[in-house]
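The residues making up each chain are set out below.
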Amino acid sequence: MNAAPADQIRLLDVQALDTRLAQLSHKRSSLPEHAEIEQLSSDLAQLRDLLVASTTEESDTAREQTKAEQDVDQVRQRAVRDQQRLDSGAVSSPKDLESLQREITSLAKRQGDLEDVVLEIMERREAAQERVAELTERVSAVQAKVDDATARRDAATTELDAEAATVTKDRQVVAEVVPADLMKLYDKLRVQQGGVGAARLYQRRCEGCRLELNMAEVNDVKAASLETVLRCENCHRILVRTSESGL
């Protein structure tokens, strides 16, 4: 393949722009905020799970407390009725009086036991409420960190995307001047060779593979016309000659 020396040199400009685009893409995908957001989001999910569990526990103990207080109230009301019967003198039989007094005593003990249960449930509910409050605060704090990291990531991404758009336009301008067949070869090699399709020959060294040409290769380059599109014998990239090739 033949191409004007100026067009071959323009390939180096295209390559430089493609290299910059690759750098911008890598920088965009490796922003530290990505890992930060991922870790914070994981922490946030765990905290939210704990918050749901604690909220459920608080709700369950609230219902348990209501039921226990109702049990206490029922026993208390029954004890009040029994005491009123006893005080009214309506029960005259000694046997019935004894039975009523035993029941009042039993109810008093039962009420005391149930009130202890209510206190124990109240303590558990209070602990659950404190846990809910603590986790709610922690969720808010981590969410704020996620929001901050997301804002920083978005700002950095916007900046990188803007530069990439500018570089892409510059590449289009330069690539349009290069002959289509030369660009086609360059693009094919760029895909095959890890993003580098054309390399400068600098001081008899290919800047694509960093290997120095041997004497036979140097002689071949010297013998080739300036319009000949050369390929590196080692990496097969387009080898562009410049005034610094050392020939």
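The structure we're discussing is the one just above.
Residues numbered from 1 in each chain as written. Predicted model: local features only at pLDDT ≥ 70, side-chain atom pairs only at ≥ 80, totals over all residues. Heavy atoms only, no water.

(A) Highlighting the nonpolar core. Ranked by internal contacts, the top residues of the largest apolar core, which has 15 residues, are Leu11, Leu182, Met183, Tyr186, Ala198 and Ile238. Only helix 1 (5-29), helix 4 (180-192) and strand 4 (238-241) provide two or more residues apiece to this core. No other element matches helix 4, which puts five residues into this core. If we ignore the near neighbours within four places in the chain, the residues touching Leu11 are Val178, Leu182, Met183, Tyr186, Ala198 and Ile238. (Core = buried A, V, L, I, M, F, W, Y, C linked by side-chain atoms within 4.5 Å. Buried < 20%, exposed > 50% of the residue type's maximum accessible area, 1.4 Å probe, protein only. Helix = DSSP H or I, 4+ residues; strand = E, 2+ residues; numbered from the N terminus. Contact = heavy atoms within 4.5 Å.)

(B) Summary view of the environment of Ala156. Looking at the secondary structure, you find Ala156 in helix 3 (residues 94-177). As a C-alpha pair, Ala156 and Leu31 span 125 residues in sequence and 8.1 Å in three-dimensional space.

(C) Looking closely at the packing of helix 2 (residues 32-88) against helix 3. Packing of helix 2 against helix 3 brings their axes to within 6 Å, and their N-to-C directions diverge by 165°. Classified by the interaxial angle, the pair formed by helix 2 and helix 3 is roughly antiparallel. Helix 3 is crossed by helix 2, and the crossing has left-handed handedness. Residue composition of the contact of helix 2 with helix 3, by class: 28 nonpolar, 13 polar and 22 charged. (Axes fitted to C-alpha atoms, helices over the stretch in contact; angles between N-to-C directions. Parallel < 35°, antiparallel > 145°, perpendicular 65-115°, else oblique. Left-handed = near helix turned anticlockwise from the far one by under 90°. Nonpolar A, V, L, I, M, F, W, Y, C, P; charged D, E, K, R; others polar.)

(D) Seen up close, the packing of helix 1 against helix 4. The N-to-C vectors of helix 1 and helix 4 enclose an angle of 40°; their axes lie 11 Å apart at closest approach. Between helix 1 and helix 4, the interaxial angle falls into the category oblique. In this structure, helix 1 meets helix 4 at a crossing whose hand is right-handed. Residue-level contacts link Asp7, Gln8, Leu11, Val14, Gln15 and Asp18 of helix 1 to Leu182, Met183, Tyr186 and Arg190 of helix 4. Split into classes, the residues belonging to the contact of helix 1 with helix 4 amount to five nonpolar, two polar and three charged.

(E) Region of the structure containing the pairing of strand 4. Here strand 4 shows a buried face lined by Ile238 and Val240 and a second buried face lined by Leu239 and Arg241. The pairing of strand 1 (residues 198-202) with strand 4 spans four bridges and is classified as parallel. Across the sheet, residue Arg200 finds its bridge partner in strand 4, namely Val240. In this sheet, strand 4 lies alongside strand 3 (residues 230-231) in antiparallel orientation, the contact comprising two bridges. Bridging across to strand 4, Arg231 finds its partner in Ile238. Here strand 3 folds back onto strand 4 in antiparallel fashion, the turn holding six residues, of which His236 has a positive phi close to 70°. (Pairing = 2+ DSSP bridges.)

(F) View of the pattern of salt bridges. Applying the stated rule across the entire model yields 26 salt bridges. Between Arg10 and Asp7 there is a salt bridge whose closest N-O contact spans 2.6 Å. Separated by three residues within a single helix, Arg10 and Asp7 lie in helix 1, roughly one turn from each other. Given the relative accessible area of 29%, Arg10 is considered partly exposed. Residue Arg138 pairs with Glu134 through a salt bridge whose shortest N-O separation is 3.7 Å. Pair noted here: Arg138 and Glu134 are both in helix 3, with a separation of four residues, about one helical turn. Arg138 sits in the partly exposed class, given a relative accessible area of 37%. (Salt bridge = Lys/Arg side-chain N within 4 Å of Asp/Glu carboxyl O.)

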